[in-house]
Amino acid sequence: MPTLGNAPDPQPVTGELTVTTATLDDWHQVAQWAADEEWNPGRGDTACFHPIDPAGFFVGRRAGRTVSAVSVVNYSDTYAFLGYYLVHPDHRRQGLGLATWRAAVPHAGARTVGLDAVPAQQHTYERAGFTPAYETVRYGGRPAGPGTPPPEVVPVTDAHLDAVADYDRRCFPADRRAFVTRWLSAPGHTARVFLRHGAVAGYGVIRPARTGHRIGPLFADTTEVAEALFDVLAATAGPAAEVFLDIPGPRHAAHTLATARGLTPQSHTVRTYNGPLPPADQERTFAVTSLELG
C-alpha cells in the first residue's frame, strides 16, 4: 500500500540520531524499505530521481545504522516534493521520524511542498501546515486486451525529446527536462508518444515495478489519446502482467478509463500542499509519475 510511512512521532528521541544527505547507495536501501512496505516502487526509480536534487535525500543514522529517511526534492525555485518518509520497523515510536523531518524540510526553503499522505495521517500533516487538495487512487490488475493500436502512437525517439519535455512542463508544476530525458530512456522503461499532425498530444511511460508494471506519467489532451496510450503501453508488459497507475481524484475520465480496462482500486493517498501550487494543467493528468516523488 503506497503511503508516506510513519507520521511525525510525538515521542522523544532515544539515543543520538545524525541526519545526513543520502548517497545513491543509501537510497537503494531506502527503496528496499519502500518495497517492504508494499509501496511497489519501480525497479529503476532511484537512478532516475536521485540526480534531480542529490542534496534533497536524507537518512538518519543511529549507532552507525540507517534507521530513517525522507526526501525533499527541489524541482524549481518555487516547488518541491516530499516523500519516502520512513522509519525502519525496528526503530519506530521513538521520535526518529520527526527528528529526520525537522532536519530535512528546511532544504525546501520558501518553496511550496507537495506530498502524498496516508488518509489516517492527514490531520498530522495539516498541523504541519499542509492543506489537502484531493485523493489519488491506485488502480491495478490485468488490463483487458486492446484493439489495434492507432498509428499516431509511436515509440519516443531522440527527435521527440524536446517536444515531450515541453509537453511535460504543461502538466507538471516545474520544468523537469533532465529527469524526463532519463525517465524516457531508462533501462526497462517503455515510452510512447501520441502525435497529432506532428505535434505531441500526449505521452506515457510504463516501467517494471517490484510487482507487475507501473504506468506513469500518463498525460494526454483527451480521453481518447489517453486510452490509446494506455492500451499500447499495457500491451508491452504482456497479457498476464499486472499494471498499476495512480490517478488524481478529480480526473473522472481517468478513473473511467482504468475501470473500463478491468483495473480496480487498490489504495489511496491524499495529496497535500503547504502553499500555493505553481500552475500546471491538471486536466491532462491521467496518471502521476510517482507518489513518492511527484
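Residues numbered from 1 in each chain as written. Predicted model: local features only at pLDDT ≥ 70, side-chain atom pairs only at ≥ 80, totals over all residues. Heavy atoms only, no water.

## Observations concerning the overall build of the protein
The test is simple: Counting from the N terminus, the helices are DSSP H or I runs at least four residues long and the strands are E runs at least two residues long. The reference for a compact globule is 2.2 Å times residues^0.38; the radius of gyration itself is calculated from the C-alpha atoms. Here the term buried applies to any residue with accessible area under 20% of the maximum for its type, exposed to any over 50%, and partly exposed to those in between, with areas from a 1.4 Å probe on protein chains only. For every accessible area listed, the method is Shrake-Rupley and the probe measures 1.4 Å; residues are considered covered only by the protein chains on display. Under the counting rule used here, the positive set is Lys and Arg, the negative set is Asp and Glu, and His together with the chain ends is not counted. Where a charge sits is defined by one atom per residue type, namely NZ (Lys), CZ (Arg), CG (Asp) or CD (Glu).
When its secondary structure is counted, the protein shows eight helices and 13 strands. Relative to its length of 294 residues, the protein is compact, with a C-alpha radius of gyration of 19 Å against a globular reference of 19 Å. Projected onto the principal axes, the alpha-carbon positions of the protein cover approximately 60 × 40 × 35 Å. Within the protein, buried positions represent 55% of all 294 residues. Split by element, the accessible area of the protein, about 11,900 Å² in all, is 53% carbon and sulfur. Positive and negative side-chain charges of the protein, numbering 25 and 29 respectively, have mean locations separated by a distance of 2 Å.

## A few points about the pattern of salt bridges
Pairing is possible between side chains of opposite charge, provided their charged atoms come close. The following threshold applies: Salt bridge criterion: a side-chain nitrogen from Lys or Arg within 4 Å of a carboxyl oxygen from Asp or Glu.
Within the structure shown, the criterion is met by 15 salt bridges. Residue Arg176 pairs with Asp168 through a salt bridge whose shortest N-O separation is 2.8 Å. Neither Arg176 nor Asp168 differs from the other in exposure class; each is buried. Arg284 is the partner of Asp281 in a salt bridge, and the nearest nitrogen-oxygen pair spans 2.0 Å. A network of salt bridges, in which partner residues are shared, links Arg138, Arg214, Asp246 and Glu292.

## Here's the deal with the packing of aromatic side chains
Stated formally: Pairing of aromatic side chains requires ring centres within 6.5 Å, counting the rings of Phe and Tyr and the six-membered ring of Trp. Pairs whose planes differ by under 30 degrees are stacked, by over 60 edge-to-face, and all others tilted. Remark: a charge is flagged as sitting over a ring if the NZ atom of Lys or the CZ atom of Arg is within 6 Å of the ring centre and within 35 degrees of the ring normal.
Evaluated as defined, the whole model comprises 14 aromatic pairs. Between the aromatic rings of Tyr125 and Phe130, the centroid separation amounts to 6.5 Å while the plane-to-plane angle is 80 degrees, which identifies the pairing as edge-to-face. Assigned by exposure class, Tyr125 and Phe130 land together as buried. Ring geometry for Phe179 against Trp183: centres 5.1 Å apart, planes inclined by 35 degrees, an arrangement best described as tilted. Of this pair, Phe179 and Trp183 both sit in helix H6 (residues 177-185), separated by four residues, roughly a single helical turn. In this structure Phe179 comes out as buried when scored by relative accessible area, which is 3%. One aromatic cluster in this structure is built from Trp27, Trp39, Phe57 and Tyr84. Positioned above the aromatic ring of Phe172 is the side chain of Arg176, whose terminal nitrogen or guanidinium carbon lies 3.9 Å from the ring centre. Positioned above the aromatic ring of Phe286 is the side chain of Arg251, whose terminal nitrogen or guanidinium carbon lies 4.6 Å from the ring centre.

## Observations regarding the side chain of Asp26
Convention followed: Contacts are residue-level and defined by heavy atoms, with any inter-residue pair within 4.5 Å sufficient.
One can find Asp26 in helix H1 (residues 24-36). Residue classification places Asp26 among the buried residues on the basis of a relative accessible area of 11%. Here Asp26 is in contact with Thr21, Val59 and Arg61, once residues within four sequence places are set aside.

## Looking at the nonpolar core
Generally speaking, a soluble globular protein has its nonpolar side chains buried in company with each other. Rules: Here, the term nonpolar core denotes a set of buried Ala, Val, Leu, Ile, Met, Phe, Trp, Tyr and Cys residues that are joined through side-chain atoms within 4.5 Å.
Membership of the largest hydrophobic core comes to 38 residues, with the highest contact counts inside it found for Trp27, Tyr75, Tyr84, Leu184 and Tyr203. Non-local contacts of Tyr203, meaning those with residues more than four positions away in its chain, are made with Val164, Tyr167, Asp168, Val180, Leu184, Arg192, Val193, Pro217, Leu218, Phe219 and Leu229. Residues Ala226, Ala234, Ala241 and Val243 belong to the second largest nonpolar core, which totals 28 residues.

Take it as geometry only, folks, not as evidence of what the structure does.
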